[in-house]
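The residues making up each chain are set out below.
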6 protein chains.
Amino acid sequence: MKPAVDSRQRYRRVSGRNQLAGKVVSIQIQGLLAEVVLSVGDTHVTAIITANAVRELQLKKGDLAAALIKSTDVMIERLDDPS
Amino acid sequence: MKPAVDSRQRYRRVSGRNQLAGKVVSIQIQGLLAEVVLSVGDTHVTAIITANAVRELQLKKGDLAAALIKSTDVMIERLDDPS
Amino acid sequence: MKPAVDSRQRYRRVSGRNQLAGKVVSIQIQGLLAEVVLSVGDTHVTAIITANAVRELQLKKGDLAAALIKSTDVMIERLDDPS
Amino acid sequence: MKPAVDSRQRYRRVSGRNQLAGKVVSIQIQGLLAEVVLSVGDTHVTAIITANAVRELQLKKGDLAAALIKSTDVMIERLDDPS
Amino acid sequence: MKPAVDSRQRYRRVSGRNQLAGKVVSIQIQGLLAEVVLSVGDTHVTAIITANAVRELQLKKGDLAAALIKSTDVMIERLDDPS
Amino acid sequence: MKPAVDSRQRYRRVSGRNQLAGKVVSIQIQGLLAEVVLSVGDTHVTAIITANAVRELQLKKGDLAAALIKSTDVMIERLDDPS
């Protein structure tokens, strides 16, 4: 996995703060939408995009792709108790 | 970093598909909002949440926290060319 | 319905400002997604989440649940005319 | 508080499934943004909108307003344990 | 197409900064959701809303409608290189 | 303004359905965030992105840029009455 700084370099064209580079591990198209799962480092990121987008991007399992997420769309959940 | 499957277990209470466990590396409060950066594996995830939330969660650098993101808020960007 | 302040207490772990406690009144799964309707006080809140989330949370009609909504995802609509 | 069904009637013009009618209880403008809190039934809903929007809507404490929220922006959190 | 300023006038009731007036060019309902495409000026705007919303708004091809988008939901992508 | 079809061509790398090409007409940075307004055809699109993003993209008035918006983030508002 590229250190965070490098993964920023490639994406200076898009304002979204989170551009998590990874690989497509599964694609499921149903009706208007598609679920695309990326492996990013040793965790998974799930996206629901349109089926048209999957076709237009010609996205397939194994492709290199990034999850593009606005920072205002990220909630934070505490996992430990305040010390 | 926990394998993806384990990081799901702990969050069966919330519907959001993406719960990326990590550690708080920086917090910047300005006006109504705050920028919180987590290290997740070897990449960074940036959240913009309210300053009130940071205070209420008593969030500090080094705390264990997860980035909670709905799959419908994730865009996919191709990084290679279709083969 | 718990007064707003109490309903905040329980959720100090998640940054989302809106955590509207209520009861599941209907669940409709179709394809990748599911519509979940909660009764919150004397109004309804509708969520579209993934079908996987409904299964993973083992969500059923009558369960106690909260609608978790980021404040940046809330628009305001005026209902009266400016005095 | 109007029963859910009535509160739907008035909003047949906008697709957002959640239109939670209430009253403005506080407005805080800071920089580009503003925090607007509505009382909806006996709970609170917090919105972060732009300061321009508050000025343009001439929004004041006590005004009647609705929180307009897309169903795809609502997460569900279980509050009890699966029976 | 109305100059931007006029298109603002009509929508002083809703806080969303982007209210792009246009005409419905296609509607596709599948399962819980519907894809609605508007022609706005000489470009297209695509919305994914619920099938219930399409029915409730009695939306048909040719209707006048606006795409309502929060400014916090808009990313910016550079199209040229920094000079 | 390019016809809708062309404006799609250039963006086959990103899944977001709405990529509204235009020109930066104003940038306002305040605290963590920045308001960026694009002229798109004869209307305006307003984005709230992070101040860091404006700096990283080296965004200036007059630059060519697109508003990148997920279709699930677009609400529809009826402008006329059902016939």
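Above this text you will find the structure in question.
None of these values were measured; they are calculated from a predicted model.

A.B. asks: What am I meant to see in the overall build of chain A here?
C.D. replies: Each helix and strand in chain A was counted, giving two helices and five strands. Helices and strands appear in chain A in the N-to-C order α-β-β-β-α-β-β. Residues classed as buried in chain A amount to 61% of the 83 residues present.

A.B. asks: Would you mind showing me how to read the interface of chain B and chain D here?
C.D. replies: Put simply, an interface is often sized by how much accessible area is lost when its parts join up. With 14 residues of chain B at the interface, the matching set in chain D holds 17 residues. Both sides together, the interface formed by chain B and chain D hides about 1200 Å², and carbon and sulfur atoms give 58% of it. Considering only the surface of chain B that becomes buried against chain D, Arg-13, Leu-32 and Lys-70 of chain B emerge as the three largest contributors, covering 54% of it. The tally of links from chain B across to chain D stands at one salt bridge. With a shortest N-O distance of 2.4 Å, Arg-13 of chain B and Asp-81 of chain D are connected by a salt bridge. Counting across the chain B and chain D interface gives eight residue pairs in polar contact (both at pLDDT 80 or more). Its residues assigned to classes, the side of chain B that touches chain D shows five nonpolar, six polar and three charged.

A.B. asks: Could you clarify how one ought to interpret the relation of the copies chain A and chain B in this entry?
C.D. replies: Comparison of the two chain copies shows a relationship of rotation about an axis with a shift along it. For these two chains of identical sequence, chain A goes onto chain B by a turn of 180 degrees and a shift of 0.0 Å along the axis, with RMSD 0.0 Å. In short, the pair behaves as if placed about a two-fold rotation axis. Looking at chain A, 100% of its interface residues are interface residues in chain B too, so the copies touch through the same face.

A.B. asks: Looking at this structure, how should I read the environment of Arg-13 of chain A?
C.D. replies: For Arg-13 of chain A, the position within the fold is in the loop between α1 (4-9) and β1 (18-30). Since its relative accessible area comes to 34%, Arg-13 of chain A is described here as partly exposed. Excluding residues that lie within four positions of it along the chain, Arg-13 of chain A makes contacts with Ile-76, Glu-77, Arg-78, Leu-79, Asp-80 and Asp-81 of chain E together with Leu-57 of chain F. A distance of 2.3 Å separates a polar atom in the side chain of Arg-13 of chain A from a polar atom in the side chain of Asp-81 of chain E.

A.B. asks: It is not clear to me how the pattern of salt bridges should be interpreted in this structure. Could you clarify?
C.D. replies: Side chains that carry opposite charge are capable of pairing whenever their charged atoms lie near each other. Counting across every chain of the model gives 30 salt bridges over all chains. What you see here is one network of salt bridges that share partners, running through Lys-60 and Asp-63 of chain A together with Arg-78 and Asp-80 of chain B.

A.B. asks: Can you help me understand the pairing of strand β2 (residues 33-40) of chain A in this one?
C.D. replies: Along any regular strand, the residues point their side chains to alternate faces of the sheet. All names here are of chain A. Of all eight residues making up β2, seven are buried, and the element is well covered by its neighbours. Where β1 and β2 come together, seven bridges link them in antiparallel fashion. Counted as the bridge partner of Ile-29 is Ala-34 from β2. The antiparallel pairing of β1 with β2 creates a hairpin that spans two residues between the two strands, and Gly-31 there sits at a positive phi of about 65 degrees. Where β2 lies against strand β3 (residues 43-50), eight bridges are found, and the strand directions are antiparallel. Bridge pairing in β3 places Leu-38 opposite Val-45. Connecting β2 to the next strand, β3, in antiparallel fashion are two residues, including Gly-41 with a positive phi near 60 degrees.

A.B. asks: Where do I start with the interface of chain A and chain B in this structure?
C.D. replies: Each partner contributes residues to the interface: chain A has 44 residues there, and chain B has 44 residues. With both sides pooled, the region where chain A packs onto chain B buries about 4200 Å², and carbon together with sulfur makes up 59% of that total. Taken together, the connections running from chain A to chain B amount to two salt bridges. The salt bridge involving Arg-78 of chain A is made with Asp-63 of chain B; its shortest N-O contact spans 3.2 Å. Taken together, the connections running from chain A to chain B amount to 18 residue pairs in polar contact (both at pLDDT 80 or more). Mapped onto the side of chain A that touches chain B, the elements with two or more residues apiece are α1, β1, β2, β3, β4 (64-69) and β5 (75-78) of chain A. If one sorts the elements of the side of chain A that touches chain B by residue count, β3 of chain A sits on top with seven residues.

A.B. asks: I would appreciate a short explanation of the sheet that holds strand β1 (residues 18-30) of chain C in the present structure.
C.D. replies: Whether parallel or antiparallel, the strands of a sheet pair through hydrogen bonds between backbone atoms. If you walk across this open sheet you meet the five strands as β3(C)-β2(C)-β1(C)-β4(C)-β5(D), and the pairing is antiparallel. On the outer flanks of this sheet lie β3 (43-50) of chain C together with β5 (75-78) of chain D, each paired with one strand and no other. Averaged over all pairs of adjacent strands, the angle between strand axes in this sheet comes to 45 degrees, irrespective of strand direction.

A.B. asks: Teacher, can you tell me more about unusual backbone geometry here?
C.D. replies: Excluding glycine, residues mostly have negative phi values, and the peptide bonds linking residues are mostly trans. Residues and elements named next belong to chain D. We note that Gln-58 has phi near 50 degrees; this positive angle belongs to a residue other than glycine. Structurally, the position occupied by Gln-58 is in the loop between α2 (51-56) and β4 (64-69). We classify Gln-58 as partly exposed; its relative accessible area is 45%.

A.B. asks: How should I be thinking about the environment of Gly-22 of chain C in this particular structure?
C.D. replies: Within the element layout of this structure, Gly-22 of chain C appears in strand β1. In this view, Gly-22 of chain C contacts Ser-39, Val-40, Asp-63, Leu-64 and Ala-65 of chain C; residues no more than four positions away in its chain are not counted.

A.B. asks: Where do I start with the relation of the copies chain B and chain D in this structure?
C.D. replies: Mapping chain B onto chain D calls for a screw motion: a turn of 120 degrees about the axis and a shift of 0.0 Å along it, with 0.0 Å RMSD after fitting. When the rotation and shift are considered jointly, the pair of chain copies conforms to a three-fold rotation axis.

A.B. asks: Teacher, can you tell me more about the sheet that holds β4 of chain A here?
C.D. replies: The five strands are arranged β3(A)-β2(A)-β1(A)-β4(A)-β5(B) in an open sheet whose pairing can be described as antiparallel. Edge positions in the sheet fall to β3 of chain A together with β5 (75-78) of chain B, since each has one partner strand and no second. When strand polarity is set aside, the average angle formed by the axes of neighbouring strands in this sheet is 45 degrees.

A.B. asks: How should the side chain of Arg-17 of chain E be read in this particular structure?
C.D. replies: With respect to the helices, strands and loops of the structure, Arg-17 of chain E is situated in the loop between α1 (4-9) and β1 (18-30). Within the structure, Arg-17 of chain E has its side chain in polar contact with the side chain of Glu-56 of chain D (distance 3.3 Å).

A.B. asks: Which parts of the structure should I look at to understand the side chain of Glu-35 of chain D?
C.D. replies: Within the fold, Glu-35 of chain D resides in strand β2 (residues 33-40). There is no salt bridge for the buried Glu-35 of chain D, and the closest opposite charge comes from Arg-17 of chain C, which lies 6.8 Å off by N-O distance. Side chain to side chain, Glu-35 of chain D and Asn-52 of chain B meet in a polar contact 3.4 Å long. Ignoring any residue separated from it by four or fewer positions in sequence, one finds Glu-35 of chain D in contact with Leu-32 and Asn-52 of chain B together with Ser-26, Ile-27, Gln-28, Thr-46, Ala-47 and Ile-48 of chain D.

Rules of the game
One numbering rule holds for all chains: residues counted from 1, following each sequence as written. In the order they appear in the text, chains get letters beginning with A and ligands get numbers beginning with 1. Local features are withheld for residues below a pLDDT of 70 in this predicted model, meaning they are given only at 70 or higher, and side-chain atom pairs are given and counted only at 80 or more; totals for whole chains, interfaces and linings count all residues. By convention in this description, side-chain values take in all heavy atoms of the structure and omit both hydrogens and water. Each helix is a run of H or I in the DSSP string that is no shorter than four residues. Each strand is a run of E no shorter than two, and both are numbered from the N terminus. Throughout this description, buried means an accessible area under 20% of the type-specific maximum (1.4 Å probe, protein chains only), exposed means over 50%, and partly exposed covers the range between. The contact criterion used throughout is that any non-hydrogen atoms of two residues lie within 4.5 Å. Accessible area, probed at 1.4 Å, shrinks when two parts are joined; the buried area is that loss added up over both. We define a salt bridge as a side-chain nitrogen of Lys or Arg found within 4 Å of a carboxyl oxygen belonging to Asp or Glu. Here a polar contact is recorded for every N or O atom pair within 3.5 Å, except that within protein the pair must consist of a potential hydrogen donor and a potential acceptor, and residues adjacent in sequence are included only if both atoms are side-chain atoms. Gly falls in the polar group here, along with every residue not listed as nonpolar (Ala, Val, Leu, Ile, Met, Phe, Trp, Tyr, Cys, Pro) or charged (Asp, Glu, Lys, Arg). All copies are superposed by least squares; the fitting set is the C-alpha atoms of residues with a pLDDT of at least 70 in both. When DSSP finds at least two bridges between two strands, those strands are taken to pair. Helix axes are fitted to C-alpha atoms over the stretch in contact, other axes to C-alpha atoms as well, and angles between N-to-C directions run from 0 to 180 degrees. For the purpose of charge, His is not counted, nor are the chain termini; Lys and Arg are scored as positive and Asp and Glu as negative.

Limitation: the analysis is restricted to geometry and does not speak to function.
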